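Summary of the model geometry
As a plain string of letters, each chain reads:
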Amino acid sequence: MSDCRREWNREDELPVYLARPVTTGPSHRQKHCGMFSSVEGAFDNKTIDFDSTAVSPRGGRTPRSGSRERILDGNGVSEAGSVGSPSSPANREDGRPGVEITYLSGKDCLSGQDNGKSDRLLIKGGRIVNDDQSFYADVYVEDGIIKQVGENLIVPGGVKVVEANGHMVIPGGIDVNTCFQKPYLGVTPVDDFYQGTRAAVAGGTTMIIDHVTPQPGDSLLEAFEQWQEAADRKSCCDYSLHMDIPQWHEGVKEELQLLVQEKGINSFLVYMAYKDLYQMSDTELYEAFSYLKELGAVVLVHAENGDLIAQEQSKILSMGITGPEGHPLSRPEELESEAVYRAITLGNRVNCPVYITKVMSKSAADTIAQARKRGSVVFGEPITASLATDGSHYWSKNWAKAAAYVTSPPLSPDPTTPDHLHTLLACGDLQVVGSAHCAYSTSQKAIGKDNFTLIPEGTNGVEERMGFVWDKAVAMGKMDENQFVAVTSTNAAKIFSLYPRKGRIAVGSDADIVIWDPDRTRTITAKLQQSALDYNIFEGMECRGAPVLVVSQGKVAYEEGTLHVQQGTGRFIPRKPFADYSYQRVKTRNNLMGQQGVPRGMYDGPVYDVPATPKYITPSPSAKTSPTTHQPPPIRNLHQSNFSLSGAQTDDNVPRRSGHRIVAPPGGRSNITSLG
């Protein structure tokens, strides 16, 4: 390292994190233990030109020339000042600096001109935000892995450089609830793994967990292989899979064990709704919870009272209500909260972690929050739709618009619900934000035009998920930036055994990185979305906060509105059972809460003899050995009497005889001559 020389560029091209406005952080640099790689000589000969770092009268830092990264290549030391033209504008329309991508060798590093060196990436001048801390540092990525995080990094030559210009650098989002291949009456969503993951990347999400949905009677292993094959061919980002369990029986246990131990699946969804199709009884749920706990899996629950829903649907249809408004009318909020409470109760008795998917109402969310305060191991997941809109649209005069919002549980008609859910997310009572993205087109929704129970259920949200959390929680002062990272990425990684490979900016983690602009404003419209859907339930809504650059597997996948993704590049990420975040308390309680009998002596006192009274069964008259002819005569009930205080008698219905007038003649003769 002694041969290395620092050369100063006379141009004003220093890293922007040294020239950022003083309002972007409390200090220029803040070191945190455990986050920086040990690089020999990285902090030698660091001379700062204090004159060039003076604060301007307007409060910002004046342009300066200063230290450059030392770049090592095959020929020795090269200076980092030889940069090419940026691939994106350095300044936005509002005057704030944008994100620049340059190439250290002086060649443009635009799409299609990577020259085989795209696996090396240096993100400079950004503010790294993890779930537990924020600090200014640079990030060096190689071969899809974060290799260095720190100041003034020593990196090889031929590196693509991203000037973050003070923007947030956060872990890529993880969407744990998508349905890109869910069949319904022979149709599948218009957003498959290709279209769906394109939309995900455009919204800042770099990994999805999709639901495998086998039909009753189908093999779980065959369904898994079918989903995995489709995802391998089409996915544009990393993915994993949940397994839905359509029916519970002894034969399914062997497949569940293989999925956990050999296929890398550690989460399974059970249904408390959809009677006569997917719904499990409480007994089956108890057995499923118990067995999945033995496997170390996380139990996902679709919580609605299916029996009452079936009754309500029949009643609503009999009233002549067939439109989308019948959906929320037949699935009132209390049926969701009741099922959530019952699922948590089952989880408490079995002592296994329970994950409630699609928390849609205030009462359901409050039930989860109260259970967590009592110590229950339960997690709650609101979705994009429940966080950004409400169920008032079900009563729209436009049938297609009303049907677009049909999902289960339904969106709450209470307009205060989104704000309440964001509040619980901010304080940690709800943990993860999913999208439940299941995009059926208008024509597919029209399958249920005459019967709301046949409308395919699902809404969009994978592209808008992270933006709406920022807009309605962080930008409103409810949530800080670290909690934003937690609910959109880190918590999901911890619950489903992906952490710290995913969900963190740290050495050794996957290079799934998002540069986030908290001030960027956009208007949601179906015309500009990446989804193939012909509508957007958030049409016309304004959203603050958006990604300006997305790095997936160490490569730039999205930049300033342009996608650079390839079909089939997504990798399946297997997950181990017994995730610490989900099972640490469960294991401790198993050791402490072992149920044992009370030692006591044998009872040797008197025991009352209970006479055996066989239950009398009336035999069928057609039976060959029927003893009906030998039955004893009925015993008169002495408590019954013909006497009545009203004067009525039992023979009042018998007509009386006509009266005869008897005339007694003189001498005392009588007309009665015979008593016979």
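Computed from a predicted structure; not experimentally measured. Within every chain, residues take consecutive numbers counted from 1 along the sequence as written. In keeping with the predicted nature of the model, local features appear solely for residues at pLDDT of at least 70, side-chain atom pairs appear and are counted solely at 80 or more, and the whole-chain, interface and lining totals rest on all residues. Hydrogen atoms and water are omitted, and side-chain values are computed over all heavy atoms in the structure.

A short note on the overall build of the protein chain
Selection criterion: Secondary structure elements are defined from DSSP: runs of H or I of at least 4 residues count as helices, runs of E of at least 2 residues count as strands, and each element is numbered from the N terminus. Exposure is judged per residue with a 1.4 Å probe applied to protein chains only, and the accessible area is read against the type maximum: over 50% gives exposed, under 20% gives buried, and values in between give partly exposed. By definition in these notes, contact holds between two residues if any of their heavy atoms fall within 4.5 Å. We get accessible surface area from the Shrake-Rupley algorithm with a probe of 1.4 Å; when it comes to residues, only the shown protein chains can shield them.
A count of helical and extended segments in the protein chain gives 15 helices and 20 strands. Out of the 676 residues in the protein chain, the part that is buried amounts to 51%. Here the analysis covers contacts within the protein chain between residues at least 6 apart in sequence; of these, 76% occur between residues at least 24 apart. About 32400 Å² of surface is accessible on the protein chain, with carbon and sulfur atoms providing 50% of the total.

Quick look at the pattern of salt bridges
What counts is decided by this rule: Here, a salt bridge means any Lys or Arg side-chain nitrogen found within 4 Å of an Asp or Glu carboxyl oxygen.
Tallying each qualifying case throughout the model produces 27 salt bridges. As a salt-bridge pair, Glu304 and Arg331 come within 2.9 Å of each other at their nearest N and O atoms. One end of the pair, Glu304, is in the loop between β14 (298–302) and α5 (306–318); the other, Arg331, is in the loop between α6 (326–330) and α7 (333–350), with 27 residues separating them in the sequence. On the accessibility criterion, Arg331 (6% relative accessible area) is buried. For Asp510, the salt bridge goes to Arg501, with nearest N and O atoms at 2.8 Å. Using a relative accessible area of 5% as the deciding quantity, one classes Asp510 as buried. Through salt bridges with shared partners, one network takes in Asp238, Arg501, Lys502, Asp510, Asp512 and Arg571.

Comments concerning unusual backbone geometry
The bulk of non-glycine residues show a negative phi, and the bulk of peptide bonds are trans. A cis amide bond links Ser408 with the next residue in sequence, Pro409, at an omega value of -10°. Residue Pro500 is reached from Tyr499 by a cis peptide bond, and omega for that bond is 0°. Tracing the backbone shows Pro500 in the loop between α14 (481–495) and β17 (513–523). Of note in this structure, Leu185 is not a glycine but carries a positive phi near 50°. Inspection of the secondary structure puts Leu185 in the loop between β10 (173–178) and α1 (193–202).

Overview of the packing of helix α8 (residues 362–373) against helix α11 (residues 417–426)
Convention followed: Angles run from 0 to 180 degrees between N-to-C directions of axes, and those axes are lines fitted to C-alpha atoms, restricted for helices to the stretch in contact. Each angle gets one of four labels, with under 35 degrees taken as roughly parallel, over 145 as roughly antiparallel, 65 to 115 as roughly perpendicular, and the rest as oblique. For a crossing to be left-handed, the near helix must be turned anticlockwise from the far one by less than a right angle; the clockwise case is right-handed. Under the convention adopted here, Pro, Cys and the residues Ala, Val, Leu, Ile, Met, Phe, Trp and Tyr are nonpolar, Asp, Glu, Lys and Arg are charged, and Gly plus all remaining residues are polar.
Remark: α8 packs on α11, axes separated minimally by 10 Å, with the N-to-C direction vectors making an angle of 15°. Taken together, the axis directions place α8 and α11 in an arrangement best described as roughly parallel. The two elements α8 and α11 cross, and the hand of that crossing is left-handed. Contact with α8, carried on its side by Lys362, Ala365 and Asp366, involves Thr417, His420, Leu421 and Leu424 of α11 and no other residues of that element. Of the residues that constitute the contact of α8 with α11, the class distribution is 3 nonpolar, 2 polar and 2 charged.

Let's talk about the packing of aromatic side chains
What counts is decided by this rule: The rule is short: rings of Phe, Tyr and Trp, with Trp giving its six-membered ring, pair when the centres are within 6.5 Å, and they are stacked under 30 degrees, edge-to-face over 60, tilted in between.
With the rule as written, the count across this model stands at 15 aromatic pairs. Arranged with centres 5.6 Å apart and planes meeting at 55°, the rings of Tyr239 and Phe572 form a pair that is tilted. With a gap of 333 residues between them, Tyr239 in strand β12 (residues 238–244) and Phe572 in the loop between β20 (562–563) and α15 (580–592) connect regions that are remote in the sequence. Among the residues examined, Tyr239 registers a relative accessible area of 0% and is labelled buried. Among the residues examined, Phe572 registers a relative accessible area of 17% and is labelled buried.

Some points on the side chain of Ser376
The criterion, for reference: Polar contact is the term for a pair of N or O atoms within 3.5 Å; when the atoms are in protein, one must be able to donate a hydrogen and the other to accept it, and sequence-neighboring residues count only if both atoms are side-chain atoms.
Considering the arrangement of structural elements, one finds Ser376 in the loop between α8 and β16 (378–380). At 3.0 Å, the side chain of Ser376 and the side chain of Asn348 are in polar contact. Excluding residues within four positions of it along the chain, Ser376 makes contact with Ile344, Asn348, Ala371, Arg585 and Arg589.

Regarding the sheet that holds strand β11 (residues 205–212)
The criterion, for reference: Strands are labelled as partners when DSSP assigns at least two bridges between them.
Overall, parallel pairing links the 7 strands, which are arranged β10-β11-β12-β13-β14-β15-β16 in an open sheet. In this open sheet, the two strands that pair with only one neighbour each are β10 and β16. Strand after strand, the sheet turns through a mean of 25° between neighbouring axes, direction not considered. Examined bridge by bridge, strand β15 (residues 354–356) and β16 share 3 bridges and lie parallel to one another. Bridge assignment links Tyr355 to a residue of β16, and that residue is Phe379. Relative to the sheet, helix α4 (residues 282–295) contacts β13 (267–271), β14 and β15, its axis offset from that of β13 by approximately 175°.

Focus: the environment of Arg465
By secondary structure assignment, the location of Arg465 is in helix α13 (residues 465–474). Judged by relative accessible area, which is 0%, Arg465 ranks as buried. With 261 residues separating them in the primary sequence, Arg465 and Gly204 have C-alpha atoms 8.8 Å apart. In this view, Arg465 contacts Gly173, Ile174, Asp175, Thr205, Thr384, Val433, Gly434, Ser435 and Thr488; residues no more than four positions away in its chain are not counted. From its side chain, Arg465 meets the backbone oxygen of Ile174 in a polar contact 3.3 Å long. In terms of polar contacts, Arg465 uses its side chain to reach the backbone carbonyl oxygen of Thr488, at 3.3 Å.

Brief notes about empty space enclosed by the protein
Going by this rule: Throughout, the protein atoms alone are placed on a 1 Å grid, and a set of points is a cavity if a 1.4 Å probe fits but cannot get out or a pocket if it is open with protein on both sides within 12 Å along at least five of seven lines; lining residues have an atom within 4 Å of a point. Grid points are joined across faces, edges and corners, and a volume is the space filled by probe spheres set on the points.
The tally for this structure, following the rule as stated, stands at 2 cavities of 30 Å³ or more. Space inside the largest cavity adds up to approximately 220 Å³. In terms of residue class, the lining of the largest cavity is built from 6 nonpolar, 8 polar and 4 charged. The calculated volume of the second largest cavity comes to roughly 50 Å³. What lines the second largest cavity is Pro171, Gly172, Gly173, Ile174, Thr206, Arg501, Lys502, Gly503, Arg504, Asp510 and Asp512. Residue composition of the lining of the second largest cavity, by class: 2 nonpolar, 4 polar and 5 charged.

Concerning the packing of helix α3 (residues 252–261) against α4
α4 packs onto α3 with a crossing angle of 30° between their chain directions and a minimal axis gap of 10 Å. One way to sum up the angle between α3 and α4 is to call them roughly parallel. Both α3 and α4 take part in a crossing whose hand is right-handed. Packed against α3, whose contacting residues are Lys253, Leu256, Gln257 and Val260, the element α4 presents Tyr291, Leu292 and Leu295 at the interface. For the contact of α3 with α4, the class distribution of residues is 5 nonpolar, 1 polar and 1 charged.

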